[in-house]
Structure formats: structure tokens, C-alpha cells
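These are the residues of each chain, in order.
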Amino acid sequence: MRRPRERGFFELFMRYWLPLLVYVTLIITLSAQSNLQLPIHFENGDKLCHLAEYFGLGVLAARAIRATMRVPLPLFASLIAMCFGILVGTGDEFFQSFVPGRSSDAFDLLADTAGLALAQLVYLVFARD
């Protein structure tokens, strides 16, 4: 049985970490928008947007962590990705508290965490040992 080839730093960065960094940049850019209008209009629709936004972050983070950190089990990569995502979400809510027309809300962070957790469940279902 052949062993998979080692990937170089540049290939790992471009394939796994660059998409994650671009995604985090997109989250921060959206957070910096004053009076951002949501594409959906119903009560607590922003929570659904937070859940979806952080679902994507969770998948990208688990994928990057598993590919580059030599984590032995997908569950460990998921736990690290959850911690990373919660830190990003907390920083994002703190940042929004300084943006005119935006507010910081603990329920937004809770929706972020739910999106991250859902992403980790999906990741664990499809991850290979």
C-alpha cells in the first residue's frame, strides 16, 4: 500500500488556509457594514444568517486543521475548529459593538456556535480516519 505524498507548505496554504482566511475576511467585512440589510426578512432572520455563516466557517476550519496539524482523529480537529470559530465569533461580536448602526448580541454568538456545531457534525459524518 502506497503512502500519500507529502504536500508542501504552499499547496497546503493555498488549498486549505487561504479559503479559510478569505472567509474570515468576508465575515469581518460584513460586520464592518453600518446598517447592513439582510436578504431575508422575518423575525430573528439574522440568527439564521449567523448560523449559515458560521456553518461555512466551521467546515473550512475543520478541513484546514485536519489537513495541516496532524490531528489523529477527526473529532479532535472538530473540537479545535469549534474553539477557533467561537473565538472568531466572539471577536466579531466585540468588533460589531464599535460599528455605528450595528449591535453586539449574545444570541448572535449563540447562533454562531450552533452553526459551528452543526458544521462539525456534518464534518464528522463525512470525515475519513
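Residues numbered from 1 in each chain as written. Predicted model: local features only at pLDDT ≥ 70, side-chain atom pairs only at ≥ 80, totals over all residues. Heavy atoms only, no water.

> How would you summarise helix H1 (residues 9-31) if you had to cite specific residues and measurements?
Residue pairs three or four apart in sequence face the same way in an α-helix, which turns once every 3.6 residues. Over its 23 residues, H1 extends 31 Å from the first C-alpha to the last, a length consistent with the 33 Å expected when each residue adds 1.5 Å. Largest kink in H1: about 45°, centred on tryptophan 17, with the proline proline 19 one to four residues after it. Considered for burial, the residues of H1 that qualify are Leu12, Tyr16, Leu20, Val24, Ile27 and Ser31. The inward-facing, buried residues of H1 contact helix H2 (45-68) and helix H3 (74-96). (Helix = DSSP H or I, 4+ residues; strand = E, 2+ residues; numbered from the N terminus. Expected span 1.5 Å × (residues − 1). Bend = angle between axes of the 7 residues up to and from the residue. Buried < 20%, exposed > 50% of the residue type's maximum accessible area, 1.4 Å probe, protein only. Contact = heavy atoms within 4.5 Å.)

> How would you explain unusual backbone geometry if you had to name every residue and give the values?
Even without a glycine there, the phi angle at asparagine 35 is positive, about 50°. Position of asparagine 35 relative to the elements: it lies in the loop between H1 and H2. Positive phi outside glycine occurs at asparagine 44, with the angle close to 60°. Here asparagine 44 is to be found in the loop between H1 and H2. When its relative accessible area of 47% is taken as the criterion, asparagine 44 is described as partly exposed.

> With reference to specific residues and values, describe the nonpolar core.
If you look at the biggest cluster of nonpolar residues, it comprises 19 residues, and the most contacted ones within it are Leu20, Tyr54, Leu57, Ile65, Ala81 and Leu116. At the level of elements, H1, H2, H3 and helix H4 (106-126) are the ones that each hand at least two residues to this core. Ranked by residue count, the leading element in this core is H2, at 7 residues. Leaving out residues up to four positions away in the same chain, leucine 57 has contacts with Leu20, Tyr23, Val24, Ile27, Phe84, Gly85, Val88 and Leu116. (Core = buried A, V, L, I, M, F, W, Y, C linked by side-chain atoms within 4.5 Å.)

> How would you sum up H3? Please name residues and give values.
Here H3 is 23 residues long and its end C-alpha atoms lie 32 Å apart, about the 33 Å a rise of 1.5 Å per residue gives. Buried residues of H3: Pro74, Ala77, Ser78, Ala81, Met82, Gly85, Val88, Gly89, Asp92, Glu93 and Gln96, and no others.

> I'd like a rundown of the side chain of glutamine 120, residues and numbers included.
Take glutamine 120: it is sitting in helix H4. Residue contacts for glutamine 120: discarding those within four places in its chain leaves Gly58, Val59, Ala62, Ser78, Ala81 and Met82.

> Please set out the packing of aromatic side chains residue by residue, giving values where relevant.
Tallying each qualifying case throughout the model produces 2 aromatic pairs. When the ring of phenylalanine 9 is compared with that of phenylalanine 13, the centres are 6.2 Å apart and the planes differ by 20°; the resulting orientation is stacked. Of the two residues, phenylalanine 9 and phenylalanine 13 are both situated in helix H1; the distance of 4 residues between them amounts to about one turn of the helix. According to the relative accessible area criterion, phenylalanine 13 is partly exposed, its value standing at 27%. Judged by centre distance (5.0 Å) and plane angle (85°), the rings of phenylalanine 94 and phenylalanine 98 are edge-to-face. There is no split in this pair, since phenylalanine 94 and phenylalanine 98 are both exposed. (Phe/Tyr/Trp six-rings, centres within 6.5 Å; stacked < 30°, edge-to-face > 60°.)

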